[in-house]
Each structure stands twice: as structure tokens, then as C-alpha cells.
Amino acid sequence: MKDGEEVLGIRMTVLNAQLQKLAFAFVARFHEDRKQKLSLILDSERWTSAEIPVEFQSFVDSVFANQTFLVPLPRMKSEEVMNGQASASNTSLHVSSPKAVVPSLVVNGENYLVVGTVVLLLRMLGEYIALTAKLPLSMNISGDILQKVVELLRLFNTKTCQLVLGTGALQSAGLRSISMKNLVLSSSCLQLVALSIPVVCDDLMKQLSAKQLHLNRNFDSLLRDYDSHVEEIEKKLVQVLDTQLLTHFSRWEAVVPVPSASFRASIASIKRLHDTVCEMLPAANSQRLFRSIFVLFKRRLKQQIGKLNIARDGGPQHDVVTGEIAFFTGELRSLKSFHRIDDNFSDVWER
């Protein structure tokens, strides 16, 4: 357009305005299509981990190695999803294939189990960035695309919260319950998408004018929302385990034999959660979660010691408590997420 104006020696104001109007209309339609597709597939998501095509892992490798979504997009394995033709009875995203699949996505050396919808979302981000790169800067449309990308990412976060923490998937996808595994998997999905946010932010910020640079605050707010959601999931996991611990400790009376059924049951509950979490979450997140659980366990033990009025006097009940603690800490040492946790129990005797 600029070259044409130079050749003709005139400003094509009306034509420029019309082209910009068409560009904004196209982007709006592009965005609405992807919002509807993402919402529809999320509603049918059963929150079980998907097998990932190796081709898609290569795409993710390129994105994070080059710190840009402006890389070749992977092909979609599902024609229904690619063409937006998912029916009400079959709307889940199937990304598995009999050949060349991996059980999780690897980013920065960490494994992330994800649902199929995350594969769709990451590919969509690549589509938005590819679109931005194709449109001339003179169209002044990059700021609009940025806000639409933020809206799409916020939609994923909000609906995931409604479906998993808010138990909406019981109705929308027919789940019988929201299990710990569902909760941990949703956290893994959120954390992986959150890793992509700074990358897509940098891609879009390069297309903005100096007057539009303040729009990066949208991504800062978005990241805080994702982090807050992950923390809420961790709190829910701790709350679920706390309910189990309260049940176990309500039956504990500090009598032989040691270990008691209550302590065995407590360890079994913690191990079940540990096995689920370590399979799905990065090590740092697992350790943070289990530090909270360790503090919680000591709090419940301290409360029961006080309720039973057990003194630190070397008597029979004191010996039982010491034996129970020795059993508990010995079992914890076999769990990798507890390797760096201080196992000092002296504070359970404080009144």
C-alpha cells in the first residue's frame, strides 16, 4: 500500500481505512472461532492425560529453544478439531496416534502431563503469532490481537477453574468425581501454559508501537491469575489430605503396637498423593506442596498429643509417640519429594 502511494503520488486514505476495517473484522472472526472451539472442547474434557505426537513435542522444543511462537506449526491429528466440526457428542480433542507419541511434554528438562486441550491451545497461540507476523504494521492491529490472545488465555484459566476446582466437569463431561489426579493434572496444564505466556508476550510486544507498550501489563496480570489458580489447587490438595489425616488421627490413642493402623493409613494417604504428584508436576512444585503437607501432619499430631495429654516424660505413651515418629520419618525418606524437608518433630511437644 505504501509503495502504491509513492508511485501514484497520492494518499489512499479511504482504501487504507477500508482495508483496516476488513483486517479488524477478519481478526474478530478468527478470534471468535478459536474461543468457541476452545470452550467447546474444554467443556467435554475428561481431565485425563493425553498422549502427545512427537511432532508436537518438536514444535514445543522449537518454541522454547528460540523463545518465539513464530515457528512451523504442527499438523493436527484430528480433522474434526482442525476444521472446527466437533459435535456435541464427540467434542474431546484426540491427539494420540498409534505411532510416534510420548506420554508428556518436556520443557526445560521437566515433564508435564497435559490434557488434549492444552495441545490445541498452544497451537492456537502459534496461529495468532503467525497471523500477527503476516499483517502489515501499518494496519495498527497488533494491539487488538494482543488483547485477544490475553482473552483466550484467560478463558482457558477461568474455565479450567470452573470445571475442576468448581467441579463443573461433573456435569459438562459426566465425571463421577473430581479426583486428586484430576486436580494435579489441571495444575500441570496451567503451569505449562504459564511458561508459554512470556514467550507469546515477547512475540506480540515486538509488533507494538511505543504508545502501546503499556499493554504488557495484561500479561503480568494474566500470570498472577495463573499462579493464584495453581496455589488454590495446591490448597485443595492439602485440604483433601487434611480430611483424611483428621480421620486417621481421630482413631489414634498412642498405644502399642507401633506402628499403629492410624500411622500406617496416614503414610498410605501421603504416598498415594506423592505418586500422583511426582508423575505429573516438576520437582520444585512437588517439594513445595509436600512441605505444606509435612507441616500439616505435624500440626495434626501435635493436636492429638495435646488432646491425649501425653507428656514428654519418657513414659510409655511418650515412647509410643517416639516410635510412631521414627516409623513415619523412615517411610518419608523413601519419597523423593521429602528429601530436602526438615524432619524435626520437636515442636509437636510444645504447648
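Residues numbered from 1 in each chain as written. Predicted model: local features only at pLDDT ≥ 70, side-chain atom pairs only at ≥ 80, totals over all residues. Heavy atoms only, no water.

A.B. asks: Just give me the short version of the nonpolar core, but keep the residues and values in it.
C.D. replies: Ranked by size, the top nonpolar core spans 103 residues in total, and within it Leu122, Leu153, Phe156, Phe219 and Leu301 carry the most contacts. Per element, the largest residue contribution to this core is 15 residues, and it comes from helix H8 (residues 180-205). Residue contacts for Phe156: discarding those within four places in its chain leaves Leu38, Leu42, Thr117, Val118, Leu121, Cys189, Leu190, Val193 and Tyr226. (Core = buried A, V, L, I, M, F, W, Y, C linked by side-chain atoms within 4.5 Å. Buried < 20%, exposed > 50% of the residue type's maximum accessible area, 1.4 Å probe, protein only. Helix = DSSP H or I, 4+ residues; strand = E, 2+ residues; numbered from the N terminus. Contact = heavy atoms within 4.5 Å.)

A.B. asks: Which residues make up the packing of aromatic side chains, and what values do they have?
C.D. replies: Counted by the stated rule, this structure contains 15 aromatic pairs. Taken together, a centroid distance of 6.2 Å and an interplanar angle of 35° make the contact between Phe26 and Phe30 tilted. Note that Phe26 and Phe30 are positioned in helix H2 (residues 13-43) at a spacing of four residues, about one turn of the helix. By relative accessible area, Phe26 is classed as partly exposed at 47%. On the basis of relative accessible area, Phe30 is assigned to the buried category, the value being 12%. Aromatic pair Phe294 and Phe345: ring centres 5.4 Å apart, planes at 85°, arrangement edge-to-face. With a gap of 51 residues between them, Phe294 in helix H11 (residues 283-307) and Phe345 in the segment after helix H12 (316-332) connect regions that are remote in the sequence. A relative accessible area of 6% means that Phe345 is categorised as buried. (Phe/Tyr/Trp six-rings, centres within 6.5 Å; stacked < 30°, edge-to-face > 60°.)

A.B. asks: How would you explain the confidence of the model for the protein if you had to name every residue and give the values?
C.D. replies: A low pLDDT score tells you not to read the predicted coordinates there in detail. A residue-level look at the protein finds 89% of positions with pLDDT of 70 or above and a mean pLDDT of 88. Every residue in residues 78-98 is under pLDDT 50, and counting partners more than four places away or in other chains gives 35 contacts. (pLDDT = per-residue confidence, 0-100.)

A.B. asks: Outline the packing of helix H9 (residues 217-250) against H11, supporting the account with residue identities and numerical values.
C.D. replies: The contact between H9 and H11 brings their axes to 10 Å, and the two run at 30°. It follows from the interaxial angle that H9 and H11 lie roughly parallel. Between H9 and H11 lies a crossing whose hand is right-handed. Contacts from Val230, Glu234, Leu237, Val238, Leu241, Asp242, Leu245, Leu246 and Phe249 in H9 reach Asn285, Arg288, Leu289, Ser292, Ile293, Leu296, Phe297, Arg300, Leu301 and Gln304 in H11. A per-class count over the contact of H9 with H11 returns 12 nonpolar, three polar and four charged. (Axes fitted to C-alpha atoms, helices over the stretch in contact; angles between N-to-C directions. Parallel < 35°, antiparallel > 145°, perpendicular 65-115°, else oblique. Left-handed = near helix turned anticlockwise from the far one by under 90°. Nonpolar A, V, L, I, M, F, W, Y, C, P; charged D, E, K, R; others polar.)

A.B. asks: Lay out the packing of helix H6 (residues 142-165) against H8 with the relevant residues and their values.
C.D. replies: Close contact between H6 and H8 brings their axes to 11 Å; oriented N to C, the two are set at 175°. Between H6 and H8, the interaxial angle falls into the category roughly antiparallel. The segment H6 lies against H8, with Ile145, Leu146, Val149, Leu153, Phe156, Asn157, Thr160, Val164 and Leu165 engaging Asn182, Leu183, Ser186, Cys189, Leu190, Val193, Ile197, Val200, Leu204 and Met205. Tallied by class, residues from the contact of H6 with H8 come to 15 nonpolar, four polar and no charged.

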